[in-house]
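Spelled out from the first residue to the last, the chains are:
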Amino acid sequence: MSQLPEKVFNYVEENINLCKPDSVHICDGSQMENDILLYQLQKDGILKKLPKYKNCWLAKTDPADVARVERLTYISTELKRDTIPTPKTGVASQLGNWMSPADMEEQLFMRFPECMKGRTMYVIPFSMGPIGSPLSKIGIQCTDSPYVVASMNIMTRMGVKVLDSLKDGDFVKCLHSVGRPLPLTAPLHNNWPCDPKNTLVAHFQERNEICSFGSGYGGNSLLGKKCFALRIGSKLAQREGWFAEHMLILGLENSKGEKKYIAAAFPSACGKTNLAMMTPLLPGYKVTCVGDDIAWMRFDENGQLRAINPENGFFGVAPGTSNKTNPCAMDTIQTNTIFTNVAETSDGGVFWEGLEKEIDDDVEITSWLGEEHWTKEKSSKTAAHPNSRFCTPASQCPILDKEWECPKGVPIDAIIFGGRRPDGVPLVYEAFNWQHGVFLGASMRSEATAAAEHKAKSLMHDPFAMRPFFGYNFGDYLKHWMSFQDKKNLNLPKIFHVNWFRKNSEGQFLWPGFGENARVLDWIFRRINNEDITQKSPIGLLPKFDSLNLDGLDNPVDLEALFNIPKEFWLDEVKALEKYFEEQVNVDLPPQIREELKKLEERVKNS
Ligand code: GTP
Ligand code: SPV
Ligand code: MN
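Residues numbered from 1 in each chain as written. Chains lettered and ligands numbered in written order. Predicted model: local features only at pLDDT ≥ 70, side-chain atom pairs only at ≥ 80, totals over all residues. Heavy atoms only, no water.

Caption draft 1: Local environment of the state of the cysteines. Taken as a whole and judged by the stated rule, the model has zero disulfides. Of all cysteine sulfurs in the structure, the one in Cys19 sits closest to Cys142, which takes part in no disulfide; the separation is 7.9 Å. With no disulfide of its own, Cys328 lies 5.5 Å from the sulfur of Cys397, the closest cysteine sulfur. (Disulfide = S-S within 2.5 Å.)

Set out below in structure tokens:
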């Protein structure tokens with residue numbers, strides 16, 4: 001303790017006095033520390049060893065703690081308007097939850113005092129981004145969950161090397177408790193301590209502080225991820241003139257050895273990990289992975305946008321991942337991986353929806369809920385939770401980009417937005433310019449997924465795939481994005497919109513997706529080189545007839561159905577966007593967005 005930098009010491013001491021843990025462990029980030037922790041987690045029945053693989057583990061959570069809790073996630077600023085736009089009278093904001101710092105303090109005071117009694121408080125010094133990179137930031141997380149420590153060890157760079165680089169600098173304060181002091185007053189489910197009734201995830205923007213209580217799950221508890229890298233990060237980015245985005249980063253190399261880097265924002269469970277690790281089914285192309293979830297991006301002194309992945313691992317959606325859809329992810333997760341809420345097999349392995357063809361016929365499946373001899377036919381429930389995840393080191397990814405830890409970041413040539421749009425939205429189109437591109441980001445909508453606790457499979461507005469992660473007023477966020485248009489000497493990347501999820505009238509996907517998405521990346525690559533392969537449409541630039549390379553596709557695709565732009569649909573879309581912007585962003589909507597919406601309406605009407 002006494003060797004900690006003074007500011008860290010003071011923060012840790014404050015948390016000890018508040019939470020009253022039985023003991024304190026300062027994480028050094030060593031292999032031995034991790035081994036002991038995993039052993040302890042196994043002994044305590046929180047992790048189960050998966051003998052089929054090397055150093056792989058299974059956690060099953062309390063079934064009430066399986067996803068991010070958006071309802072219970074708050075941003076605290078003195079002024080409400082700094083956090084969310086004032087919605088139109090009578091309308092509830094969908095752009096985040098605000099609480100005043102004073103009220104939040106009161107809420108925290110009802111939860112944190114003595115919350116770690118009987119438990120160990122772990123202190124995790126962690127770096128978001130390569131240690132020492134000018135784009136990186138440091139956090140200190142205090143937590144009473146050893147599962148969180150083991151996961152943070154994968155997802156971030158952590159330990160003494162971070163303290164060495166911090167010296168007496170500032171850091172983001174991160175306090176986390178599962179909220180179940182010992183002795184327990186009620187039994188646990190699956191040995192997974194949590195307190196769903198009192199869960200609260202709080203962010204204090206004015207003092208770069210996060211306090212999370214009651215949940216041990218992913219985005220609620222691995223505070224470097226969504227809380228720091230996006231909610232605190234986006235606010236830092238606004239202040240300091242950069243971007244913190246819910247984006248993957250990939251490298252794309254063509255047969256001539258030319259290489260581009262692309263960042264892409266899709267909402268949770270809409271395909272970032274899959275695109276970031278894609279095995280191109282279009283010969284000649286190679287994809288390399290820089291990051292699968294979060295990008296921190298800044299224009300350098302030459303006006304080139306550069307991005308780092310602040311994370312050190314992948315916390316990926318398990319269901320749907322297979323050797324067919326994402327062989328690179330399958331390779332990555334064979335060792336040193338923590339699986340959460342997947343099903344297990346009688347040969348000591350894992351199973352989830354999508355792996356049916358990849359397990360031996362004679363193995364038995366136990367579902368994530370503990371149902372033995374699970375079969376699809378017999379059971380009404382899925383084998384794995386739809387938001388079950390793998391937590392795995394980035395370094396194990398076979399196609400990790402060699403520049404992935406480059407301190408100055410990789411140069412970004414294009415930005416892609418996308419979502420799950422069953423109707424009306426074409427496979428790919430390009431924005432006319434930066435302003436129109438920002439409008440495309442603002443207009444993103446997608447079907448709800450299991451990554452958060454949403455009920456229906458409804459179409460939700462999810463601007464920039466950031467709706468659950470904005471750290472400040474979305475109107476101001478739009479102004480921030482727009483402001484780069486007026487800066488001199490910036491090489492603004494081209495902006496695109498993609499949709500892998502358009503369906504036919506039978507509800508089947510019109511596009512094969514996954515490795516075949518390389519065909520869309522190829523088109524984007526050629527557009528970065530300004531090839532003359534676009535045709536104007538009311539919504540943006542579409543691929544010219546025949547410019548999308550479909551050679552060698554297994555099954556023919558219906559290009560007309562993939563690319564048509566139904567007039568009625570788009571008039572409705574304009575109406576829906578108008579309603580959303582007026583109700584939700586209201587007076588904070590930048591005039592350029594309104595202007596772009598008007599222009600879109602005109603173009604659709606005249607089409
Ligand atoms: P988060 O980690 O929640 O941010 O999700 P993500 O955006 O990284 O999504 P991910 O790549 O994990 O994909 C989520 C689900 O979508 C998985 O079940 C995938 O199998 C499926 N998916 C991904 N890409 C495609 C695609 O091109 N086509 C289809 N049909 N499904 C896809
Ligand atoms: C997401 O929901 O976008 C995730 C998973 O990447 S979580 O870390 O839980 O936020
Ligand atoms: Mn995500």
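Now that the structure has been shown, the text picks up again.
Caption draft 2: The packing of helix α14 (residues 567-585) against helix α15 (residues 591-605), seen in detail. Between α14 and α15, whose axes approach to 10 Å, the crossing angle comes to 160 degrees. What the angle tells us is that α14 and α15 run roughly antiparallel. Our pair here, α14 against α15, has a crossing hand that is left-handed. Contact with α14, carried on its side by Lys567, Trp570, Leu571, Val574, Lys575, Leu577, Glu578, Phe581 and Glu582, involves Ile593, Arg594, Leu597, Leu600, Glu601, Val604 and Lys605 of α15 and no other residues of that element. Class assignment for the residues of the contact of α14 with α15 results in nine nonpolar, no polar and seven charged. (Axes fitted to C-alpha atoms, helices over the stretch in contact; angles between N-to-C directions. Helix = DSSP H or I, 4+ residues; strand = E, 2+ residues; numbered from the N terminus. Parallel < 35°, antiparallel > 145°, perpendicular 65-115°, else oblique. Left-handed = near helix turned anticlockwise from the far one by under 90°. Contact = heavy atoms within 4.5 Å. Nonpolar A, V, L, I, M, F, W, Y, C, P; charged D, E, K, R; others polar.)

Caption draft 3: Local environment of the pattern of salt bridges. The tally for this structure, following the rule as stated, stands at 35 salt bridges. Put simply, Arg68 and Glu70 hold a salt bridge, and the shortest N to O gap is 3.0 Å. Look at Glu70 and you get buried, because its relative accessible area is 17%. The residue Glu430 makes a salt bridge to Arg527 at a minimum N-O spacing of 2.5 Å. With a gap of 97 residues between them, Glu430 in strand β26 (residues 428-430) and Arg527 in helix α12 (residues 518-528) connect regions that are remote in the sequence. The same class applies to Glu430 and to Arg527, which are both buried. Here the salt bridges do not stand alone but share partners, grouping Lys225, Lys226, Lys272, Asp293 and Glu311 into one network. (Salt bridge = Lys/Arg side-chain N within 4 Å of Asp/Glu carboxyl O. Buried < 20%, exposed > 50% of the residue type's maximum accessible area, 1.4 Å probe, protein only.)

Caption draft 4: Expanded view of the confidence of the model for the chain. Within the chain, residue pLDDT values average 97, and 100% of them lie at 70 or more. Model confidence for the complex: the whole-complex pTM is 0.98, and ipTM, which rates the interface, is 0.99. (pLDDT = per-residue confidence, 0-100.)

Caption draft 5: Structural detail: the packing of helix α10 (residues 434-442) against helix α11 (residues 474-483). Where α10 meets α11, the closest approach of the two axes is 10 Å, and the angle between their N-to-C directions is 155 degrees. One element, α10, and the other, α11, form an angle in the roughly antiparallel class. Where α10 crosses over α11, the handedness of that crossing is right-handed. Between α10 and α11, the contacting residues are Trp434, Gln435, Val438 and Ala442 on the first element and Phe474, Leu478, Trp481 and Met482 on the second. Per-class residue counts for the contact of α10 with α11 are seven nonpolar, one polar and no charged.

Caption draft 6: Expanded view of the coordination of the manganese ion (ligand 3). Within the protein, the manganese ion (ligand 3) binds to Lys226 (NZ), His246 (NE2) and Asp293 (OD); these donor distances fall in the range 2.1 to 2.5 Å. One can describe the site at the manganese ion (ligand 3) as irregular: its six donor atoms subtend angles covering 65 to 175 degrees at the metal. Along the chain, the residues donating to the manganese ion (ligand 3) are arranged with the sequence spacing K-x19-H-x46-D. On the criterion of sequence distance, the pair formed by His246 in the loop between β12 (243-245) and β13 (248-253) and Asp293 in the loop between β15 (286-291) and β16 (295-299) is long-range, its members being 47 residues apart. Owing to a relative accessible area of 9%, Asp293 belongs among the buried residues under this scheme. (Donors = N, O, S within 2.8 Å, 3.2 Å for Na, K, Ca; no water. Tetrahedral: all angles 85-135°; square planar, octahedral: opposite > 155°, others 65-115°.)

Caption draft 7: Structural detail: the environment of Lys324. Within the element layout of this structure, Lys324 appears in the loop between β18 (313-317) and α9 (327-332). Spatially, the C-alpha atoms of Lys324 and His176 are 38 Å apart, while their sequence positions differ by 148 residues.

Caption draft 8: Structural detail: the domain arrangement of the chain. In terms of domains, the chain is made up of domain 1 (6-47 + 72-241), domain 2 (244-313 + 401-606) and domain 3 (316-396). Taking only C-alpha atoms into account, the centre of domain 1 sits 28 Å from that of domain 3. Residue-level contacts link seven residues of domain 1 with nine residues of domain 3. Carbon and sulfur atoms make up 68% of the surface buried where domain 1 meets domain 3, a total of about 680 Å² over both sides. In terms of surface lost to domain 3, no three residues of domain 1 exceed Tyr147, Ile154 and Tyr217, which account for 69% of the buried area on that side. In this structure, the connection of domain 1 to domain 3 is made through zero salt bridges. For the pair domain 1 and domain 3, the interface holds two residue pairs in polar contact (both at pLDDT 80 or more). Ranked by residues supplied to the side of domain 1 that touches domain 3, first place goes to helix α4 (residues 146-155) with five residues. Its residues placed into classes, the side of domain 1 that touches domain 3 shows six nonpolar, one polar and no charged. (Domains from an automatic or database assignment. Buried area = accessible area lost by both parts, 1.4 Å probe. Polar contact = N/O pair within 3.5 Å; in protein donor to acceptor, adjacent residues only side chain to side chain.)

Caption draft 9: Representation of the site of ligand 2 within the structure. Every residue near ligand 2 is listed here: Arg68, Gly218, Gly219, Lys225, Lys226, His246, Ser268, Asp293, Phe315, Arg389, Ala451 and Phe469. Contacts to ligand 2 include Gly219, whose backbone N or O atom sits 2.9 Å from an oxygen atom. One of the side-chain nitrogen or oxygen atoms of Lys226 is found 2.5 Å away from an oxygen atom of ligand 2. In isolation ligand 2 has 280 Å² of accessible area, and contact with the protein removes 98% of it. A per-class count over the shell around ligand 2 returns three nonpolar, four polar and five charged. (Near = heavy atom within 4 Å. Areas by Shrake-Rupley, 256 points an atom, 1.4 Å probe, with all protein chains shown as cover.)

Caption draft 10: Examining the site of ligand 1 more closely. Near ligand 1 there are 22 residues, and of these Ala269, Lys272, Thr273, Asn274 and Arg389 occur at the shortest range. One of the backbone N or O atoms of Pro267 is found 3.5 Å from an oxygen atom in ligand 1. At 3.3 Å, a backbone N or O of Cys270 approaches an oxygen atom of ligand 1. Summarising the interface, the protein chains cover 92% of the accessible area of ligand 1, which totals 660 Å² for the free molecule. The set of elements that each furnish at least two residues to the shell around ligand 1 consists of α8 (272-276) and β18. With three residues, the single largest contributor to the shell around ligand 1 is α8. Here the shell around ligand 1 is composed, by residue class, of 10 nonpolar, eight polar and four charged. Each of domain 2 (244-313 + 401-606) and domain 3 (316-396) gives at least three residues to the shell around ligand 1.

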